[in-house]
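# Fold and geometry: a report
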Amino acid sequence: VLAKYENQFNAFSDYLEDLPETDEPVWILGACYNVKTRGTGPSSDTGWGCMLRCGQMILAHALLCRHLGRDWRWDPEKRQPREYHQILQCFLDKKDSCYSIHQMAQMGVGEGKSVGEWYGPNTVAQVLKQVLFSYFHSILKLALFDEWNSLVVYVSMDNTVVIEDIKKLCVQPGHSSSGSAPSVWTEGSGSRSGHNGDPQGPRDWRPLLLVIPLRLGINSINPVYIQALKDCFKMPQSCGVLGGKPNLAYYFIGFIEDELIYLDPHTTQPAVDTDSGSAVDDLSFHCQRTPHRMKITSLDPSVALGFFCKREQDFDDWCHLVQLELLKKRNLRMFELVEKHPPHWPPFVPPTKPEVQTTGAEFIESLDKLSESEEEFEILNV
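My aim in this report is to walk through the structure given alongside it, one point at a time. (Residues numbered from 1 in each chain as written. Predicted model: local features only at pLDDT ≥ 70, side-chain atom pairs only at ≥ 80, totals over all residues. Heavy atoms only, no water.)

With that out of the way, let us pick up unusual backbone geometry. If you check the backbone angles, Asp158 has positive phi at about 55 degrees while not being a glycine. With respect to the helices and strands, the residue Asp158 is situated in the loop between strand S3 (152–155) and strand S4 (160–162). For Asp158, a relative accessible area of 45% puts it in the partly exposed group. Positive phi values are uncommon outside glycine, yet Glu257 reaches one of about 55 degrees. Mapped onto the secondary structure, Glu257 falls in the loop between strand S9 (248–256) and strand S10 (259–263). (Helix = DSSP H or I, 4+ residues; strand = E, 2+ residues; numbered from the N terminus. Buried < 20%, exposed > 50% of the residue type's maximum accessible area, 1.4 Å probe, protein only.)

Another point: the side chain of Gln80. Among the secondary structure elements, Gln80 is positioned in the loop between helix H2 (50–68) and helix H3 (82–90). For Gln80, a relative accessible area of 13% gives the class buried. Side-chain polar atoms of Gln80 contact the backbone oxygen of Asp75, separated by 2.6 Å. Only 3.0 Å separates the side chain of Gln80 from the backbone oxygen of Lys78, close enough to count as a polar contact. (Polar contact = N/O pair within 3.5 Å; in protein donor to acceptor, adjacent residues only side chain to side chain.)

A side chain of one charge can pair with a side chain of the opposite charge if their charged atoms are brought near each other. Going through the model one piece at a time under the given rule, you end up with 10 salt bridges. In this structure, Arg53 engages Asp45 in a salt bridge whose closest nitrogen and oxygen atoms are separated by 2.8 Å. Each member of the pair, Arg53 as well as Asp45, is classed as buried. Across the pair Arg53 and Asp93 runs a salt bridge, and its minimum N-O distance is 3.1 Å. Taken together, the residues span a long stretch of sequence, with Arg53 in helix H2 and Asp93 in the loop between H3 and helix H4 (101–109) at a distance of 40 residues. In this structure Arg53 comes out as buried when scored by relative accessible area, which is 19%. Linked by salt bridges that have partners in common, Asp45, Arg53 and Asp93 make up one network. (Salt bridge = Lys/Arg side-chain N within 4 Å of Asp/Glu carboxyl O.)

Written out as structure tokens, the structure is:
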């Protein structure tokens, strides 16, 4: 029976850890195999990759909004646009795909997470917050190499979103529409204006994925935050919420009454294998069943809010909504939105692409060069 399979050694992959370290070939059922070429790393993300998969979901949704718009819907009976297939190529389970689980797991090594380690500490109270900071820091580094999508990833620190820092990241230097003064978001107006008070036209803006890691309680979500969390799903810029239960990560996409609607990554599927340039069998990339639901009170208090702003006006509108719906109406705020960079924080330095020429496959081998520029990144635990 085994002779029918080209890669017979896969049948014994579960026992690799029991084999001694040796350069000698391994003989099994009359065939010779080289253990070193097979490797001893995990062959599946079962048991440890759920947070990475949820992160892929929120990132993929942002890219679909960026290239195809929020109103686009997948229809298996229709021919998909070219941009859709390009996005799928970014998430294939291959080490040379820029947002593959291989790249994300390897980026996690720089954050102190071994490949194959579940992204979360044993202490339930801290299960997601440490994960989200390190994980989206990894996404930020990967995004620097993704010139086609040209996506900016901003992860808030200390429950605070700084408008000035985001503008520095997203507004292309020297590309304002008329050489006028930088725009300033005015509280309560939801509008953009120059220093002279005159409205300013659209400027070159890099699409923004804004991620806000929060802790909304101690052992369970504090009821005072529930309505504010619902309001976040209502915002047109919403990209969903990462969260779940201890050791179980889910991607929350909405709510109905007092239940959250979520996608569950805990279904192991074979990796989609495709030759370069060929169409991707995309059926397994989409949810084929009704999404799950859970009581909002059952949510672990550590979450990450996601928002996507394709244009600068989208971000200005989001700031206006936050002030109107989340900050002014509530005595206990989910997070703070401030205009200027806090003076007691370290100086904000926008991340720059490390001097590494790579197409992706070499990127995993270039961590030594990448780590040299670690100081250039703002998203650090303070």
